[in-house]
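In case you want the letters, here they are:
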Amino acid sequence: MTTTLKSPAPVLETAPTQAGDAATRPLTVALAGNPNAGKTSLFNALTGLRQKVANYPGVTVERKDGHWQLAPDLPDAQLIDLPGLYSLDANSIDEQIARDVITGRLTSVPKPDCIIAVVDATNLERNLYLATQLLETGRPLVVALTMIDLAERHKLEIDAARLSDALGVPVVPVVAKLRQGLDALAAAVLRAAESAPPVAGWRLSAEAERELEALAALDAPVNGDGITPTVAATTDAATTDVATDASARRYGALVELYAEELPEEAGHQAAVASARARLAEGNPRWWQEPLLARYNWIEGVARRTVRDHKPGRTRRTDRIDRFVTHRFFGPLILFALMLLILQTIFSWAQLPMDVIDGGFGRLGELVRATLAPGLLTDLLVDGVIAGVGGVLVFLPQILLLFFFISLLEDSGYMARAAFLMDRLMRGVGLHGKAFMPLLSSFACAIPGIMATRTIENPKDRLATILIAPFMSCSARLPVYTLMIAAFFSRQEKLLGVLSVGVVIIMAMYLLGIVVAVAVAWVLKHTILKSPPPPLVLELPPYRMPNPVNVLQTIRSRSWMFVRRAGTVILAISILLWALVTFPRVNAATGDADGGAAAATANATGSAPDERATTAGRDETVQPAAGASNVAEAVDGDAGEQIRQSYAGRLGHLIEPAIAPLGFDWKMGIGLVASFAARETLVSTLSIVYNVGEDATEESNSLIEAVRNARRADGSPAWTPLVAVSMMVFFVLACQCMSTIAIVRRETNSWRWPLFMVSYMLLLAYVASFITYQGGRLLGFS
Amino acid sequence: MGSPDNNLTDMNVPGARAAEAGRRMGTTLNTLPHGTEARVVSVDGESAVARRLMEMGVVPGAPVCVIKAAPLGDPIEVRVRGYHLALRRTEAQTIRVVTGDEVKP
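Rules and cut-offs
All residue numbers refer to position in the chain's written sequence, counted from 1. To label them, take the chains in the order written and letter them from A, then take the ligands in the order written and number them from 1. Residue-level local features of this predicted model are given only where pLDDT is at least 70; pairs of side-chain atoms are given and counted only at 80 or more, and the full residue set underlies all totals for whole chains, interfaces and linings. Calculated side-chain values reflect all of the structure's heavy atoms, with hydrogen atoms and water omitted. Going along the chain from the N terminus, every DSSP run of H or I of four or more residues is numbered as a helix, and every run of E of two or more is numbered as a strand. Working definition: with a 1.4 Å probe on protein chains only, accessible area under 20% of the residue-type maximum means buried, over 50% means exposed, and in between means partly exposed. Residues count as neighbours in contact if any of their non-hydrogen atoms are within 4.5 Å of one another. The protein chains shown are the only cover counted for residues, whose accessible areas, like all others here, come from Shrake-Rupley with a 1.4 Å probe. A strand pair is defined by DSSP finding two or more bridges across the two strands. Here an angle of 0 to 180 degrees is reported between the N-to-C directions of two axes, which are lines fitted to C-alpha atoms, with helices fitted over the stretch in contact. What we call a nonpolar core is a set of buried Ala, Val, Leu, Ile, Met, Phe, Trp, Tyr and Cys residues that are connected through their side-chain atoms within 4.5 Å. Residue-level confidence of the predictor is summarised by pLDDT, bounded by 0 at the bottom and 100 at the top. To count toward a patch, a residue needs a relative accessible area over 30% and no salt bridge; like charges are then connected within 9 Å, while nonpolar side chains (Val, Leu, Ile, Met, Phe, Trp, Tyr) are connected within 5 Å. The rule for a salt bridge is simple: a side-chain nitrogen of Lys or Arg has to be within 4 Å of a carboxyl oxygen of Asp or Glu. The positive count covers Lys and Arg only, the negative count covers Asp and Glu only, and His and the chain ends enter neither. The atom standing in for a charge is NZ when the residue is Lys, CZ when it is Arg, CG when it is Asp and CD when it is Glu.

K.L.:
Help me get a handle on the overall build of chain A, residues and values and all.
P.N.:
Per the secondary structure count, chain A includes 34 helices and 10 strands. Within the span of chain A, comprising 781 residues, buried residues form 55% of the whole. Within chain A, counting contacts between residues at least 6 apart in sequence, those at least 24 apart form 74% of the total. For chain A, the computed accessible surface area is about 32700 Å², with 63% contributed by carbon and sulfur atoms.

K.L.:
Explain the sheet that holds strand β6 (residues 95–99) of chain B residue by residue, including any values.
P.N.:
Spatially, β10(A)-β5(B)-β4(B)-β3(B)-β2(B)-β6(B)-β1(B) is the arrangement adopted by the seven strands of the open sheet, whose pairing is antiparallel. Either end of the sheet is taken by a strand with one partner, and the two such strands are β10 (536–539) of chain A together with β1 (27–28) of chain B. Pairing between strand β2 (residues 37–43) of chain B and strand β3 (residues 63–69) of chain B: three bridges, direction antiparallel. Residue pairing in the sheet places Glu37 of chain B in a bridge with Cys65 of chain B of β3 of chain B. Against the sheet, helix α17 (residues 413–427) of chain A contacts β10 of chain A together with β3, β4 (76–80) and β5 (83–87) of chain B, and its axis sits at roughly 135° relative to β10 of chain A.

K.L.:
Explain the environment of Phe404 of chain A residue by residue, including any values.
P.N.:
Its location among the elements puts Phe404 of chain A in helix α16 (residues 395–411). Residue contacts for Phe404 of chain A: discarding those within four places in its chain leaves Ile341 and Thr344 of chain A.

K.L.:
Which residues make up the environment of Ala571 of chain A, and what values do they have?
P.N.:
Following the sequence through the fold, Ala571 of chain A ends up in helix α24 (residues 568–581). Considered as a pair, Ala571 of chain A and Gly387 of chain A are 184 residues apart in the sequence and their alpha carbons are 9.3 Å apart.

K.L.:
Can you explain the nonpolar core? Please cite residues and give values.
P.N.:
In this structure, Leu430, Ile467, Phe470, Phe663, Tyr689 and Trp718 of chain A are the most contacted members of the largest nonpolar core, which totals 124 residues. Setting aside chain neighbours within four positions, we find Tyr689 of chain A in contact with Lys666, Leu702, Ala705, Val706, Ala709 and Trp718 of chain A. Of all hydrophobic cores here, the second largest spans 92 residues; its members include Ala253 and Leu257 of chain A together with Leu53 and Met54 of chain B.

K.L.:
Can you break down the confidence of the model for chain A residue by residue, with the values?
P.N.:
Residues and elements named next belong to chain A. Predicted confidence across chain A gives a mean pLDDT of 78, with 80% of residues reaching 70 or more. A low-confidence stretch, residues 222–240 (pLDDT under 50), is modelled with 30 contacts involving residues beyond four sequence positions or located in other chains. Low pLDDT, under 50, characterises residues 587–636; the predicted model gives this stretch 42 contacts beyond four residues in sequence or across chains.

K.L.:
An account of a positive patch on the surface is requested, with residue identities and associated values reported.
P.N.:
Among the surface-exposed residues, Arg153, Lys177, Arg316 and Arg319 of chain A lie close enough to one another that they form a single positively charged patch. Examined against the element boundaries, Lys177 of chain A turns out to sit in the loop between β8 (171–173) and α7 (182–193).

K.L.:
Tell me what's going on with unusual backbone geometry, and back it up with residues and numbers.
P.N.:
Note that the residue after Asp74 of chain B, namely Pro75 of chain B, is joined by a cis bond; omega there is -5°. Along the polypeptide, Pro75 of chain B turns up in the loop between β3 and β4. We note that Asn36 of chain A has phi near 70°; this positive angle belongs to a residue other than glycine. Relative to the helices and strands, Asn36 of chain A is located in the loop between β1 (28–33) and α2 (39–47). Backbone geometry places Arg179 of chain A, a non-glycine residue, at a positive phi of 60°. When its relative accessible area of 52% is taken as the criterion, Arg179 of chain A is described as exposed.

Below is the structure:
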């Protein structure tokens, strides 16, 4: 049966080969359901931790796969978690991908042997809508009825057996949290994958059915190879079942006839257009017919299977919403929640951060004590350990932020936030749905930008993508935290509770939001002008967040971050270390071993010229450079080393440009490096400043190093004003390779990412300039 | 039946005019007073919007009820088929409804 790997099991052969067939090949099962229907909980319960998250090729629709042990003696099934959907009509990329997976059009995913429709028992009618469309595809289908415990509490009685009869497919009640019904679901899937596909139980008007038949006949096997466009990738099976093929053709015709656009295939365009014209003649709302037919049928099914339906009851959700979406308390609660989350992130994360910081410090000392002094040891300690440690130290904050975001999402609050914010968002030309991606961007712009695909209008989506990086992401937190710890931690608390640091961070978050709003308004009134898009948003019932889902989200998100810290940032750390270490200065320190001396000798050939030019540049840039020797004496040879290094030269090169912002050339090094990823500013500064310290001494924390850093004239390099100017720059500049990469992929061109980087850099420069120069005029230092 | 939120949110309703409009045959959802049970007559918007609304269960014949409006008066929260849906007033305007008194099923 090797040929059937990607095809449905031929119906006519199933009975005798059932056991053998299932045993020889792993099944592929797809999980489809409305958002908030309990799909993720079910997926987690079925696969445990054996899942992986990736993207479908070419698009950023998240692809979640897992292994599901259907039965002890069978190979694990591949379980595909489709994105949450309300319909298969391909209004969004999510729906398009889901439909392509189900019909087997995606070559990267095996055509599912069975679809599981996750149906929320407390919201049966709307959830069944997707199920009716899944039935139409003619693929083997099993319904997993979730939330039955909640339904019982709501005095809703659903007769699963009757529902199964009405739908013509197995219906298995499940409670994912308690692992109830999972075995029955597995058994139902095994049976369904091997039996005849279901048939949709409703028909359209006689006229519409005639048109469908005619369209389906266009691709009947007689007039070609029997391949309809929608099932092109699936008909590789030698034994194409006649009934399956006919139902696939009818489904293809249904999709083509009622799609928004005309089909791409030229041969079908004319036929579909004329069929539509004929139908429109008889009924101007002809295109509503399938929607009405499906709901009409659903209502009949619901009448037969649901008892004690009390639509007017006051739910717990209504009572909560009385406050949460109240015209006055609602926004207040939203703001308080944001403030609480930020304050918590900063206070709770402190202890684990200290532990990680101390751990990496001790590791560095240990390595330095164990290995012979030299370049390799320096690389390990100053490049690898300091660089990675400097990033991982922020893991606790990121964990906490994702913890809160997944709580808000899982509980149903996120949709309320969109409801509250939509009018404001529309004021600047955006969609309430943009609120969720933008809120996610406070954790990281990458998942945020990926989440914009729920916005159907491409111009709205683009506008949201272009402003998402203004939301202060977790990668800025290291920068803010460092600046605040160094300059604002000792100040009194405002009103006795709020630390100055939190207020400043709040201000940075607000700055990002305000600029985002302004930019969005400009974009939506100029290059991305379009009428306001519709908002059709479910406000799901509040639910206790499922701990497994929350943990799973935190796990996958923070793993993404750690992987990045472990690869990109490690590479950047090593590169930076090399940039500040080479070329070696010939008057180098006594600790240089043979290898270093050799490297130094190689480098000396060109060093004198470079030094001369560098010194010359110094004098032109800094009038006070005459006094610089004092400061250099303090820094000693290491200061000379970094001045001579490639990084130092780069820093000097851009110093004239950044001096009006209050930054010196060492910060310039940090700025250049942070264009790869913002958090590298911290590791860069630790490398830049640690090099200037006595390596054997108990290493000062970075905070002390920043406080003690001096300019060439001996004045402090950093002041509170410089710190604020730096933070402002980091709020507004697009310093993140990954963001640029993801925007390139989402917009499918280099135009938009380049546009984004340039305008954000310009804004950052101007704002930082105003901050620093304005601050000086006002008498701040 | 009345929404529990009447006392808190009814100030948002464009006043008596809306109530008057609600009593007439064939009003639209955006002018329906909060807490009034109604039934959808037709969904008249352009096809992409109407399609989305209908997929979400807002089809002719479906009972609907406006629960409340967001703090700035827009969007509105509507109960349909036992769940809650947020819509902008511009979308709600495309949905023609009749109130419970006029069409007892």
